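# Per-entry structural report
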Amino acid sequence: MQNSRNDKWLAVLFYAFTIVFAALCLYPFLLVIASSFTEEATLLRNGYRLLPEAFSFNAYKAIFSTNTIPDAYLVTIFITVAGTALSLLVTSLAAYSLSGSRLRYAPQLALFFYFTMLFSGGMVSSYILTTRYLHLQDTIWVYILPAVLSPWNLFLMRNFFNDIPKELFESVKLDGAGELRILRSIVLPLSLPALATIGLFYALAYWSSWAPAMLYIENPKLYSLQYIIMQIIRNIDMAQNIAVSGTPSAVQAVPAYTVRLATAMVTVGPIIFLYPFLQRYFVGGLKVGAIKG
Amino acid sequence: MSRITNKHRGIREIVHNRSLYLLAVPAVLFSVVFSYLPMAGVAIAFQDFNPLAGLFGSEWVGLDNFRFFFRGSDWLIITFHTVFFNLMFIITGTALALALAVMLTELGRNAVVRTVQSVMILPNFISWPIIGLFSVTFFTADTGAINQFLHAAGLAPIDFYTEPGVWPPILVLVNLWKTAGFGAIVYMAAIVGIDRELYEAARIAGAPRFQCIFRITLPLLKSTIVMLFLLSLGNIFGGNLEMIYSLVGDNSFLFGSTDTIDTYVFRALRTSGSLGMTQAIALYQSVVGFLLVVTANKIAAKLDRESALF
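### Let's talk about the domain arrangement of chain B
All names here are of chain B. Annotation of chain B at the domain level lists domain 1 (2-62) and domain 2 (74-307). For domain 1 versus domain 2, the distance between C-alpha centres works out to 35 Å. Taken together, the contact pairs eight residues of domain 1 with five residues of domain 2. Summed over both partners, the interface of domain 1 with domain 2 comes to about 490 Å²; 75% of that surface belongs to carbon and sulfur atoms. Ranking the residues of domain 1 by area buried against domain 2 places V42, A45 and F49 at the top, with a combined share of 63%. At the surface where domain 1 touches domain 2, the tally comes to one residue pair in polar contact (both at pLDDT 80 or more). For the side of domain 1 that touches domain 2, the per-class residue count stands at six nonpolar, two polar and no charged.

This is the structure we're talking about:
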């Protein structure tokens, strides 16, 4: 009797703790959403609040009044789509080659990829390589090419492929099918959850990319969304520039602080939208990764 | 003799399986260009590097770059910050993730638990620049949420962006906010793997729930905890560039408490003249980091062959 009473209190305590933590996880989102729909003057007077005194869509109207955000959106979508497609292609080809211990030199190949996770040449040599020898500065490829292969994802995908029963493609091989055909018609269709998981890992990394822009991009038309966020965090004039195309007469009415928040909201928007998928595949992929190490 | 035939067999195997080997070629190329070529660039650390003369034309200066770096006190400070932040992140992150995982599995599966679970992993998907922007709404001097709260409570406001002392705890809390919920998922997967019969037996014997947690769940999770802890210790020299740069930026008021090896190198790369010096610092980080990861993996493999990374 005593025990079950204690257990009840314990459950109440656990509910309270986890619910408070979840609320704290959610609070910054709600605060930023609410503030982004606040009227600029109200925001400056009252500060960032969950329930704004005066609502306004001005910040959202403002960020679509110039090309900065729409351009950055297109850049970011291109990086994410093209990058993820290229990454998945390169990763799945190599993962298939390494899987199933069919190759004599598979362990050496794996070590070759694994070593890049352990030791890096550092930012300076990457910088010199990119600018002096590859001449990728000020092109959209500087976001994509250095990030195409993640060895971590490669090993994760190899582990997925290892789970496919060998007999399944041995029989097709006897029929004379080439490796590419086996990969395309048997392995990949059986690995859709793996492709989704690893595709999401890659896509999220590309969507979040900003450092290449800071180091290599001069042309404002090639800025990614996250780099614009990075710029306007501490430079409020930059936020104002997003909302106005240089006509000084309009400056007075131009929202800047709320524009900053609206920019953040349109940047996380797709992630919130894809959240159910992220949750399903990410968590599934993570469990597989955790079990297999 | 046998070595020759062995080599011969090796080549024959490659020729025989050429179509399978070929599939790995694009990945090998990307790896060579973007990972192995920069490794050759570590040579810059031993040069007075001149961008115009390039890697082969620059003057060699031996260990001068290292001498200069290790003579000053910067390296001690940034090394300390790097290790200190990583340690704090690992310890607090493990503790909170573990607590959340134990609590949520104890509560069973119901609508509340499922909702909490979905919400708590949301921050994991948000990029650091966005979190940096979110943080502004909390820490700004007069309009920020925290100073509004302090004002309402009749307390003095804090000028966060000129006050280095408050940032170590802020970084720890923000890191928990982003990572703890997601980290809990790993431990929940491990808890689910524990034999249900143990709990049944304990329940029949009349053990209260908190005793089940401390006598069954936590002891059985010990190897998972130790292993994850060990593997993250291997990365203790690694950077938190994205995080710290997003939250702190180039705000020199705060360097005294937040500057790490990564942020130091990143700043030097964009501002200082000497790429050779900067590379020397990066090489110091790479080498020590490499030794730590390899050691951690070795120890992990000794403890448990299954959970070693390689």
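The discussion continues.
### Digging into the packing of aromatic side chains
Enumeration over the complete set of coordinates arrives at 36 aromatic pairs over all chains. Taking 5.4 Å as the distance between ring centres and 75 degrees as the angle between the ring planes, the aromatic pair formed by F112 of chain A and F113 of chain A counts as edge-to-face. Overall, F113 of chain A belongs to the buried group, its relative accessible area being 0%. Between the aromatic rings of F69 of chain B and F70 of chain B, the centroid separation amounts to 5.1 Å while the plane-to-plane angle is 55 degrees, which identifies the pairing as tilted. For F69 of chain B, a relative accessible area of 4% gives the class buried. Put simply, the rings of F112, F113, F115 and F119 of chain A together with Y36 and F290 of chain B touch in pairs and so form one group of aromatic residues. Its end group placed over the ring of F255 of chain B, R267 of chain B keeps NZ or CZ at 3.9 Å from the ring centre.

### Points about the domain arrangement of chain A
Residues and elements named next belong to chain A. According to the domain assignment, chain A contains domain 1 (2-65 + 235-283) and domain 2 (68-216). A C-alpha centroid distance of 33 Å is found between domain 1 and domain 2. The interface of domain 1 with domain 2 comprises 12 residues on the first partner and 11 residues on the second. Taking both sides of the interface into account, the surface hidden between domain 1 and domain 2 amounts to around 1100 Å²; carbon and sulfur atoms contribute 82%. Here domain 1 is connected to domain 2 by zero salt bridges. Our count for the domain 1 to domain 2 interface comes out at two residue pairs in polar contact (both at pLDDT 80 or more). Within the residue set of the side of domain 1 that touches domain 2, elements represented by two or more residues are α15 (257-273) and α16 (275-292). No other element matches the five residues that α15 contributes to the side of domain 1 that touches domain 2. Counted by class, the side of domain 1 that touches domain 2 contains 10 nonpolar, two polar and no charged residues.

### Some details on helix α6 (residues 74-106) of chain B
Over its 33 residues, α6 of chain B extends 48 Å from the first C-alpha to the last, a length consistent with the 48 Å expected when each residue adds 1.5 Å. Positioned one or two residues after α6 of chain B, G108 of chain B has a phi angle of 80 degrees, which is positive.

Thresholds applied
Residues numbered from 1 in each chain as written. Chains lettered and ligands numbered in written order. Predicted model: local features only at pLDDT ≥ 70, side-chain atom pairs only at ≥ 80, totals over all residues. Heavy atoms only, no water. Domains from an automatic or database assignment. Contact = heavy atoms within 4.5 Å. Buried area = accessible area lost by both parts, 1.4 Å probe. Polar contact = N/O pair within 3.5 Å; in protein donor to acceptor, adjacent residues only side chain to side chain. Nonpolar A, V, L, I, M, F, W, Y, C, P; charged D, E, K, R; others polar. Phe/Tyr/Trp six-rings, centres within 6.5 Å; stacked < 30°, edge-to-face > 60°. Buried < 20%, exposed > 50% of the residue type's maximum accessible area, 1.4 Å probe, protein only. Lys NZ or Arg CZ within 6 Å of the ring centre and 35° of its normal. Salt bridge = Lys/Arg side-chain N within 4 Å of Asp/Glu carboxyl O. Helix = DSSP H or I, 4+ residues; strand = E, 2+ residues; numbered from the N terminus. Expected span 1.5 Å × (residues − 1).

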